[in-house]
Amino acid sequence: MDTDLTTLKEEIACLKKEKNALVMAHYYQRDEIQEIADFIGDSLALAQKAAATDADIIVMCGVHFMGETAKILCPGKKVLVPDMSAGCSLADSCDAEEFARFVETRPDYTVVSYVNTSAAVKAHTDIVVTSGNARKIIESLPEDEKIIFGPDKNLGGYINSVTGRDMILWPGACHVHDRFSLEKIKAMKEAHPGAKILVHPECRKPLQLIADKVGSTAALLEFAAADEAGEYIVVTESGILFEMRRKCPEKTFLAAPAEDSECQCNECDYMKLNTLEKVAACLRDEQPEIIVDEEIAAKAIRPIRRMLELSR
Ligand code: 13P
Ligand code: SF4
């Protein structure tokens, strides 16, 4: 291993110990960040872990809304993100004021929001969901409940199709998942007929329809680990391949390409803003720190807690 990388990893290990810090990483983080993280997970697992930790500092290696969710759950802890500009195009597709106006004109609807939203959107929400628990939570609501689902139209459409609900969908989408190419993936399947297709529900419906498994990052990992096939076409952000290969070294995982890209994978530029250097710097300087407006946090915590209760 290169000496600079070893030194950096050693520095991070020392700082973590000295400051009683927990480094958490989403599966889309760079390989070297997943390697040093104390905990890796999908959005649900990251929120659950944040709610349960006794660390003094949480370093959330993911995107801004993940840090915000951790801060809302742990207001007394310092929550750091290595790069404050790691946003999310899906969260950005739902402006809080516009969303508030939309839900205010439908007072008889239950508002369900995907965790990929700002705290301000969560403040106008009744229940937060992740891709890992959305189906279970929607199914736990009475069949005739009127529901607004935001902001991901693809995940919302998927939940409507598997539950038979007719939720009103906010027209948002993720720039990574919304640009996978059906044609290129069909061509990959022709070249690898034995490969199973794993699809994140933020992808468009035609991709969901050709999937052997639709699920959150954790659900796709679990499926691949338990399944008997030897090869998989992975239709989500390509960072997940690191943990898939680590968990199943005997299997082959092929990254699915985007429509408009020359390369053989599809990366979230926001997730990739975090680097090992930035993780070390944020532990050293204890910033950038996530701060959430107290009034917004007091409102946003209710739907997040409701999600945690309903996912037990
Ligand atoms: P998961 O909760 O499935 O990990 O998804 C988070 C995300 O940002 C997907 O783009
Ligand atoms: Fe947001 Fe899409 Fe990146 Fe996930 S992959 S963090 S939904 S922009």
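Remember, predicted model here, so these are calculated numbers, not experimental data.

(A) Fine view of the site of ligand 1. Looking at ligand 1, the residues that line it are His26, Tyr28, Asp42, Ser43, Asn116, Ser131, His177, His200, Glu202, Ser216 and Thr217. Note that an oxygen atom of ligand 1 is positioned 3.2 Å from one of the side-chain N or O atoms of Asn116. Protein burial of ligand 1: of its 300 Å² of free accessible surface, 96% is covered by the chains. When the residues that make up the shell around ligand 1 are grouped by side-chain class, the tally is one nonpolar, eight polar and two charged.

(B) Inspection of the packing of helix 3 (residues 43-52) against helix 4 (residues 64-73) at higher detail. With their axes 9 Å apart at the nearest point, helix 3 and helix 4 run at an angle of 30° to one another. Considering the angle they form, helix 3 stands roughly parallel to helix 4. Of the two possible hands of crossing, helix 3 and helix 4 adopt the one that is right-handed. For the pair helix 3 and helix 4, the contacting residues are Ser43, Leu46, Ala47, Ala50 and Ala51 in the first and Phe65, Met66, Thr69, Ala70 and Leu73 in the second. Among the residues making up the contact of helix 3 with helix 4, the classes are represented as eight nonpolar, two polar and no charged.

(C) Looking closely at the site of ligand 2. Neighbouring residues of ligand 2: 13 residues in total, closest Cys88, Asn116, Cys174, Glu202 and Cys268. Of the residues that constitute the shell around ligand 2, the class distribution is eight nonpolar, four polar and one charged.

(D) Broad picture of the pairing of strand 11 (residues 231-235). Counted residue by residue, strand 11 has four buried out of five residues, so it is predominantly covered. As defined by bridge partners, strand 9 (residues 196-199) adjoins strand 11 across four bridges and the pair is classed as parallel. Bridge pairing links Val199 to Val235 in strand 11. In terms of strand pairing, strand 11 meets strand 12 (residues 252-255) through four bridges, oriented parallel. Looking at the pairing, Glu231 lines up with Thr252 of strand 12. One crossover worth recording links strand 11 to the parallel strand 12 by way of helix 13 (residues 240-247), and it is right-handed.

What counts and how
Residues numbered from 1 in each chain as written. Chains lettered and ligands numbered in written order. Predicted model: local features only at pLDDT ≥ 70, side-chain atom pairs only at ≥ 80, totals over all residues. Heavy atoms only, no water. Near = heavy atom within 4 Å. Polar contact = N/O pair within 3.5 Å; in protein donor to acceptor, adjacent residues only side chain to side chain. Areas by Shrake-Rupley, 256 points an atom, 1.4 Å probe, with all protein chains shown as cover. Nonpolar A, V, L, I, M, F, W, Y, C, P; charged D, E, K, R; others polar. Axes fitted to C-alpha atoms, helices over the stretch in contact; angles between N-to-C directions. Helix = DSSP H or I, 4+ residues; strand = E, 2+ residues; numbered from the N terminus. Parallel < 35°, antiparallel > 145°, perpendicular 65-115°, else oblique. Left-handed = near helix turned anticlockwise from the far one by under 90°. Contact = heavy atoms within 4.5 Å. Buried < 20%, exposed > 50% of the residue type's maximum accessible area, 1.4 Å probe, protein only. Pairing = 2+ DSSP bridges. Right-handed = clockwise from strand over helix to strand, strands pointing away.

So far we have only geometry, and geometry alone does not tell us how the molecule works.
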